[in-house]
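Summary of structural features
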Amino acid sequence: MSLRRTLSALGLGLVAAGLVAACLPWSIEAPGTARFVSRGLQQGWGVALAARGRTEVVLLPLPRIVFEDIRLTEGDATGPVLAAGGNLSLQLGLAALLTGRVEVDSLTLDGSELVLPQEAGDPRWSAAAERLTHSIAGADGDRPRRIILARCALKGRDPRDGTLQTARDVDLTISWPAWSESLAVNGGLRWSDGSARITLTDLRPYALFSGGESPFTAALTWPTGSLNAQGNGSLRDGLKASGTGSLQTRSLHKTLALTGGGLALSPFVEDFAVEGSFEAAAGQIQFPSVTVRSDGNVLEGAGSATFGPKRNAVQATLAAENLNLSPLLAGLLRLTGFDRAGDDAARHSRSLDLRPFTGGDLDLRISAGNARIGPVQLTDLASSVLVREDGIEASLGRANVRGGMVKGRVSLAADGGEAAPTRVKAQGSFDGLDLGALLDDLGQSRWVLGATRGSLALEGAGHDVDALARSVSGRVALESADGALSGLDLADVVHRGGAVAPGALARRNGRTPFEHAAVTLLFADGVGEIVEGRLASRTLGASLNGRVALADRRFQARAEILSRATASADGAAPPATLFEIAGPWDAVSVRASAGPRPTGDEARQRAAPDSFQRPGADLPLGIRAYVPATGP
């Protein structure tokens, strides 16, 4: 081989070896390298670098420097710590490096602990974030193409309560290729309550930071739900965005616990989804068209949400073709303890504290063509719920139930403070209700037939269910005309001297038509007194008096049945048949009374059941004693 060829081969070998060596990482001891890079980072980003471990350098294909056991501080070496530990890998621009400048094309932080502001007023990261924002937006003409965090920890204040918390396994990639106008963000983290991931694409930083609009596509997931949105946004006059999106959560209460925020009645809601168009600006979101899904229900309408420093507020008007309110009723029974059959102690001691349900303001109006509460079917429903910091008010504007119109309102209020009792007021009325059909829907015996009307006005106060039940006062009244009692022939009972005809056939065929029936209860201190109970038919009349104890859930009354048969030769009215009715609500017993039967004038007076009324029953509600004024 000639010398020329030998030298050429040797030269090519040396070049190849040099290229290979330039592509390999080389560990060096060069403190000046860290100082050189630190000066460049200070000038461009306002961040100082200190490296206590070894340094690796790779020259090709692009210059890359890896520092181990790093420490990043804001401003200079004495500034607040931004990140400590782990490795920092910087890919530098070759052209800038040849001119003695540091231009970061790509930054990777691996295994470090990032320190966020530790208290209110801590300026940590503010200057660096501002410079990085300008750099990404292209304002300085020099921006990193990629920023990567891998296996990092994030230490900062919990926005919910201000305590210091640490998130683990933080990974984040911010990518903006030189050939694209769009920036993409992809990342995730893990903390004690779970993990979350975020994806943001199609964002155009230059348009966004120069006062224009930028499209965006965003997705956020966490253990109990997800959020997806796409549209356009701007930073002109504050953050604004519009587009379409969807929010889904398997537990609204748990999702709110993650954010530290609150919404009214959130403990009642489990699965919840919102989908539609939105317009967001200055802490407020408008939903011109929205679809809400919860517990199998689908409602459509419009609404808005406002997120304030103290209380969030939601306003919505929604309509549904079919609405199932059974899950709401089950949640109400569960939270008040009435779902625990037989466990009276737990039920009575259940707190009536409203604070878990008034975590935000709510103005909700709902209408439905058909609605269901358990086995009860409602039509043409119009209702509303109003929640404020001091109370809850639910109104039923109208609803058709078994041929009748039902209306009502319930309000719960607390005067403020933990020691204040909860005041409950309930008002309602119904007209034309087929009570027998309603009982049949509820799985009870259809023992009464005919249209019924009624009203109630009750109120009470207490810290728990037992105290509330013992304080109830007010009035309940029911009235029916041209109906019948099914399964019982009172005329035959009178004829048999108080005994019921034996056999299932007699009970099935038994029937007592009546022209008018009514019952009125006045409540005071949780005890309802039957001040008017009467039934009138062509053949007999009946009266009822007694008491109902709400706290003890017991009923005690006496029924008196008088036949309208012709009086005897001596003018005496037929004797009355008396029954004693007593026991707990779910096990009431009825037996013929052994008490004396009235005769003479007393019998004639009782023979007119329409006149049965407790003295003073016509006084205004709330008056428990009446003393007639004496003459002068």
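What comes next is a walk through the structure. All values derive from a computational prediction rather than experimental measurement. (Residues numbered from 1 in each chain as written. Predicted model: local features only at pLDDT ≥ 70, side-chain atom pairs only at ≥ 80, totals over all residues. Heavy atoms only, no water.)

Attention now moves to the overall build of the chain. Secondary structure summary: the chain contains 13 helices and 34 strands in total. Taking all 632 residues of the chain together, 35% fall into the buried category. When the accessible surface of the chain is summed, it comes to about 34,900 Å², and 56% of that surface belongs to carbon and sulfur atoms. (Helix = DSSP H or I, 4+ residues; strand = E, 2+ residues; numbered from the N terminus. Buried < 20%, exposed > 50% of the residue type's maximum accessible area, 1.4 Å probe, protein only. Areas by Shrake-Rupley, 256 points an atom, 1.4 Å probe, with all protein chains shown as cover.)

Ranked by internal contacts, the top residues of the largest apolar core, which has 35 residues, are L49, F67, L72, L88, L90 and V104. Looking at which element gives the most residues to this core, the answer is helix α2 (residues 31-45), with four residues. Excluding residues that lie within four positions of it along the chain, L72 makes contacts with V47, A48, L49, P80, V81, L82, A83 and L88. One finds L265, F357, A368 and A399 within the second-largest nonpolar core, a separate group that totals 28 residues. (Core = buried A, V, L, I, M, F, W, Y, C linked by side-chain atoms within 4.5 Å. Contact = heavy atoms within 4.5 Å.)

Let us look at the side chain of H516. Among the structural elements, H516 can be located in strand β29 (residues 511-524). What makes H516 buried here is its relative accessible area of 19%. Here the side chain of H516 touches R534 through a polar contact of 3.0 Å, side chain to side chain. Dropping the residues within four chain positions of it, H516 is found in contact with E479, S480, A481, R534, L535 and A536. (Polar contact = N/O pair within 3.5 Å; in protein donor to acceptor, adjacent residues only side chain to side chain.)

What follows is about helix α6 (residues 252-259). Three or more residues of α6 are buried, namely L252, T255 and L256. Buried residues in α6, looked at end-on, bunch into an arc of 100 degrees, giving them a common side. Contacts made by the buried residues of α6 are with β14 (213-222), β16 (240-249) and β17 (272-281). Where α6 terminates, the next one or two residues include G260, which has phi positive at roughly 80 degrees. (Arc of directions from axis to C-beta.)

Judged by side-chain polarity, I198, L220 and L227 come together as a nonpolar surface patch covering roughly 210 Å² of accessible area. Here L227 is to be found in strand β15 (residues 225-234). (Patch = residues over 30% accessible without salt bridge, like charges linked within 9 Å, V, L, I, M, F, W, Y side chains within 5 Å. Salt bridge = Lys/Arg side-chain N within 4 Å of Asp/Glu carboxyl O.)

Per the stated rule, a full pass over the model turns up one aromatic pair. Their ring planes at 25 degrees and their centres at 5.4 Å tell us that F268 and F357 sit as a pair that is stacked. Here F268, found in the loop between α6 and β17, pairs with F357, found in the loop between α8 (344-348) and β21 (360-373); they are 89 residues apart in sequence, far enough to count as distant. Considered together, F268 and F357 belong to a single accessibility category, that of buried residues. (Phe/Tyr/Trp six-rings, centres within 6.5 Å; stacked < 30°, edge-to-face > 60°.)

Turning to the pattern of salt bridges, a few remarks are in order. Scanning the model with the defined rule gives 19 salt bridges in all. A salt bridge links D110 to R151; its shortest N-O distance comes to 2.9 Å. With a gap of 41 residues between them, D110 in strand β8 (residues 104-110) and R151 in strand β10 (residues 146-157) connect regions that are remote in the sequence. Given the relative accessible area of 21%, D110 is considered partly exposed. Judged by its relative accessible area of 63%, R151 falls in the exposed class. In this structure, E479 engages R453 in a salt bridge whose closest nitrogen and oxygen atoms are separated by 3.5 Å. Remark: R453 occurs in strand β27 (residues 451-462) and E479 occurs in strand β28 (residues 473-486); sequence separation between them is 26 residues.

So, about the pairing of strand β18 (residues 284-294). Where β17 meets β18, seven bridges bridge the pair, whose relative direction is antiparallel. In the strand pairing of β18, V274 is matched with V292. A loop of two residues connects β17 with β18, the two strands running antiparallel in sequence, and A282 in this loop sits at a positive phi of about 50 degrees. Where β18 lies against strand β19 (residues 297-307), nine bridges are found, and the strand directions are antiparallel. Bridging from a neighbouring strand, S294 pairs with N297 of β19. (Pairing = 2+ DSSP bridges.)

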